[in-house]
Amino acid sequence: MPITRDEVAHLARLSRLALSEAELDHFAGQLDVILTAVARVQEVAADGIPPMTHAVPVVNVFRDDVVVPSLPREVVLSQAPAAEQGRFRVPRILAED
Amino acid sequence: MSTARSTELTGLTAAQVAAAVAAGEVSAVEVTAAHLDRIAAVDSQVRAFLHVAADEALAAARAVDDRRAAGEPLGPLAGVPLALKDVFTTTDMPTTAGSRILEGWRPPYDATITRRLRRAGVVLLGKTNMDEFAMGSSTENSAFGPSHNPWDLARVPGGSSGGSAAAVTACEAPLAMGTDTGGSIRQPAAVCGIVGVKPTYGGSSRYGLIAFASSLDTPGPLARNVLDAALLHEAISGHDPRDSTSVDAPVPPVVAAARQADVAGLRVGVVTELGGEGYQPGVLARFGEAVELLESLGAKIVEVSCPHFTYALPAYYLIAPSECSSNLARFDAMRYGLRVGDDGSLSADEVMSLTRAAGFGPEVKRRIILGTYALSSGYYDAYYGKAQQVRTLICRDFDAAFEQVDVLVSPTTPTTAFAIGERADDPMAMYLADLCTIPSDLAGNAALSVPCGLAPEDGLPVGLQVMAPALGDDRLYRVAAAVEAALERRWGGPLLGQAKGLAAPPGRGEASGTGEAGGIGR
């Protein structure tokens, strides 16, 4: 089941990766080779085998709801790409039209 | 401090450094300064470090000396320098995970591992190079250029914890921390000729570890000998309420096991599927001798088949990319890290896509796309779902094997260190470096690599992998310490004593090795 260049372009859009035309060409070939190799998992007869999501079977780990100090605002904002009025400044999130 | 004394200090083991500091024979400041000198002398060639925190390290060392002067009790690693993989957050050093997207980032908090090391009086020298977000087996995927194998600077030091392995090998630090997701501690340890351990999943905290594949990521120690690795293993381990997958159980007695160093009566299984075709002859030769050695030390050797291990690599390259595609969604150019294209006209969505395209390297992009594919509706059952079932079957293979034997052994890697550039743009060839190490990551059990000699065809180190059931970490150390002691008796000293180049003990310079690790003489 080969993966096409168009599919790679679609996946890149879904993953928020603005790939160049050259990257799309390059990755499409490589991903096809990788997918063919990993598709071997389909050879294993696994009817009725439960999926394993995690190495340690722990569920619902709770802790007491105790208030602890948050990180200082100025320390956090000092690492932001842009900050304004004590908040993160972000590019516009709504389109004009 | 004289040069000779400085050189001598960088050759000491972590246990020796701690003992000398505790006895007042040397100050922690002297030890730290000696290692900073060594870094200054060799790291322009090895390139193990992305950041060296000289002032902070000397201040931390001074604090240890002050505590000793005040008569306070010191822990077993107080005053020992350590190189920290640049994937653990540190408030006083940048944390990049080898990526442009985090270049210069100063985390607002310390990882649990970082905090525990500081509390133990361990001196953090700096942050080590790695494959970007720990995705790779050579450090060639670092945005900041590759590290070099101290045995041969034209070769890779392995990865992703390659900077940590190279730093320890070149005596820039006696200890280092790495992380293992598919073999990223054991594989670099093997190709650099040192000891590397992947503890049981959940035995060491992931809090403050920049996530790659959360169901697999496991922090662990690298050192030049088994006892040092055990001391570090014990110092960082134990339950952490800030990591919900942390195991709330006593830390296995790894230091006691390293001191026991006895395999008499132990049942050792050789995994049929991890060997044969595709393995370098010198790797198989040294591995075979290590098995004979274990038998001569009183272990009972049996061959064990784990039929689903041949599907571990494909399952891993579906599970790890799937988890990575989800984890790396947090790099959205909004709260920290790189932002490009924010010119007032582009939307948040466009800025995000441009930033991720500019900030991530090729391997990270490939894995994000692969993971997004495997998790898409329509492909989920055939890829991700199937890989999770294979993971169950691999666990069952381990369970069946551990009913017959106490530990399993294999070569750590199919080949010795390969040349820089050889596999850089051939992802499948690169992935094969983790062939033997991946099963233990998928099962979440404990595994270790210990040097077992040099491959005759290229004179480069070979690693013996030991695997134990979950929370059976102490068994790894019993076996590895016994092998290490027996081989050092044969060789007349540690493997690194026979090394060439910058892996040779400091002060011996470029003198070539004359020992017996290249062929076990009797």
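Just so it is clear, the model here is predicted, and its values are computed rather than measured. (Residues numbered from 1 in each chain as written. Chains lettered and ligands numbered in written order. Predicted model: local features only at pLDDT ≥ 70, side-chain atom pairs only at ≥ 80, totals over all residues.)

A. Region of interest: the overall build of chain A. Helices and strands together make up the secondary structure of chain A, namely three helices and two strands. Sequence-ordered secondary structure for chain A, helices as α and strands as β, is α-α-α-β-β. In terms of overall dimensions, chain A has C-alpha extents of about 55 × 45 × 25 Å along its principal axes. Per-residue burial for chain A yields a buried fraction of 20% across its 97 residues. (Helix = DSSP H or I, 4+ residues; strand = E, 2+ residues; numbered from the N terminus. Buried ≥ 20, exposed ≤ 12 C-beta atoms within 10 Å, placed from the backbone.)

B. Region of the structure containing the interface of chain B and chain A. On the chain A side, the residues contacting the 55 residues of chain B number 45 residues. Taken together, the elements giving at least two residues each to the side of chain B that touches chain A come down to α11 (312–327), α12 (348–359), α13 (362–374), α14 (381–404) and α15 (427–431) of chain B. Among the elements that make up the side of chain B that touches chain A, the one with the highest residue count is α14 of chain B (11 residues). Each residue belonging to the side of chain B that touches chain A can be placed in one class, and the counts come to 32 nonpolar, 14 polar and nine charged. (Contact = placed C-beta atoms within 7 Å. Nonpolar A, V, L, I, M, F, W, Y, C, P; charged D, E, K, R; others polar.)

C. Structural context of helix α6 (residues 162–169) of chain B. Residues and elements named next belong to chain B. The element α6 is largely enclosed, with a buried count of eight among its eight residues. Residues of α6 that are buried include every one of Gly162, Gly163, Ser164, Ala165, Ala166, Ala167, Val168 and Thr169, and no others. Phi turns positive, to about 60 degrees, at Cys171, one or two residues after α6.

D. View of the packing of helix α1 (residues 5–14) of chain A against α13 of chain B. Taken N-terminus to C-terminus, the directions of α1 of chain A and α13 of chain B make an angle of 95 degrees; their axes are 9 Å apart at the nearest point. By the angle class used here, α1 of chain A and α13 of chain B are roughly perpendicular. The residues of α13 of chain B that touch α1 of chain A, namely those facing Val8, Leu11, Ala12 and Leu14 of chain A, are Ile369, Thr372 and Tyr373 of chain B. (Axes fitted to C-alpha atoms, helices over the stretch in contact; angles between N-to-C directions. Parallel < 35°, antiparallel > 145°, perpendicular 65-115°, else oblique.)

E. Highlighting the sheet that holds strand β5 (residues 195–198) of chain B. All names here are of chain B. Strand order in the open sheet formed by 11 strands is β1-β3-β2-β4-β6-β5-β10-β11-β9-β7-β8, and the pairing between neighbours is mixed. Of all the strands in the sheet, just β1 (49–52) and β8 (300–304) have a single pairing partner and so form its edges. Neighbouring strand axes in the sheet, compared pairwise and without regard to direction, differ in orientation by 30 degrees on average. Of the pairings in the sheet, the one linking strand β10 (residues 446–454) to strand β11 (residues 461–468) comprises seven bridges and is antiparallel in character. In the strand pairing of β11, Leu454 is matched with Pro461. (Pairing = 2+ DSSP bridges.)

F. Spotlight on the environment of Pro76 of chain B. All names here are of chain B. Relative to the assigned elements, Pro76 resides in the loop between α4 (54–69) and β2 (81–85). Taking the C-alpha atoms as reference, Pro76 lies 8.4 Å from Ala235; in sequence the two are 159 residues apart. Not counting the four nearest positions on each side in its chain, Pro76 is found in contact with Ala18 and Leu231.

G. Molecular detail of the pairing of β5 of chain B. All names here are of chain B. Along β5, one buried face is formed by Val195 and Val197 and the opposite face, lined by Gly196 and Lys198, is buried too. Pairing geometry for β5 and strand β6 (residues 218–223), over two bridges, is antiparallel. Its bridge partner being in β6, Val195 is matched across the sheet by Ala223.

H. Representation of the environment of Cys436 of chain B within the structure. Residue and element names in this part refer to chain B. The residue Cys436 is located in the loop between α15 and α16 (438–443) in this model. Residue Cys436 is classed as buried on the basis of its 31 C-beta neighbours within 10 Å. On a C-alpha basis, the gap between Cys436 and Pro411 in space is 7.1 Å, while along the polypeptide they are 25 residues apart. With residues up to four places along the chain from it excluded, the contact list for Cys436 reads Leu274, Ser410, Pro411, Thr412, Thr413, Pro414 and Gln465.

I. View of the nonpolar core. Judged by nonpolar contacts, the single largest core of 192 residues is most densely connected at Leu82, Leu125, Val466, Ala480 and Val483 of chain B. For Val466 of chain B, the residues in contact, after removing those within four places along its chain, are Val407, Val409, Ala447, Leu448, Leu476, Val479 and Ala480 of chain B. (Core = buried A, V, L, I, M, F, W, Y, C linked by C-beta atoms within 7 Å.)

J. Layout of the confidence of the model for chain B. Residues and elements named next belong to chain B. Across chain B, pLDDT averages 95, with 97% of residues at or above 70. Low pLDDT (under 50) marks residues 510–516, which in the prediction has 13 contacts with non-local residues, meaning those over four places away or in another chain. The model gives residues 518–522 a pLDDT under 50, and that stretch makes seven contacts with residues more than four places away or in other chains. The ipTM assigned to the predicted complex is 0.95, against a pTM of 0.96. (pLDDT = per-residue confidence, 0-100.)

K. The arrangement of helix α2 (residues 14–22) of chain B in detail. All names here are of chain B. Of all the residues in α2, the buried ones are Ala14, Ala15, Val17, Ala18 and Val21. For α2, the angular spread of buried residues about the axis comes to 165 degrees, placing them on one side. Considering only its buried residues, α2 is in contact with α3 (28–46), α4, β4 (175–180), β6 and α8 (226–236). Looking at the residues trailing α2, positive phi occurs at Gly24, about 75 degrees. (Arc of directions from axis to C-beta.)

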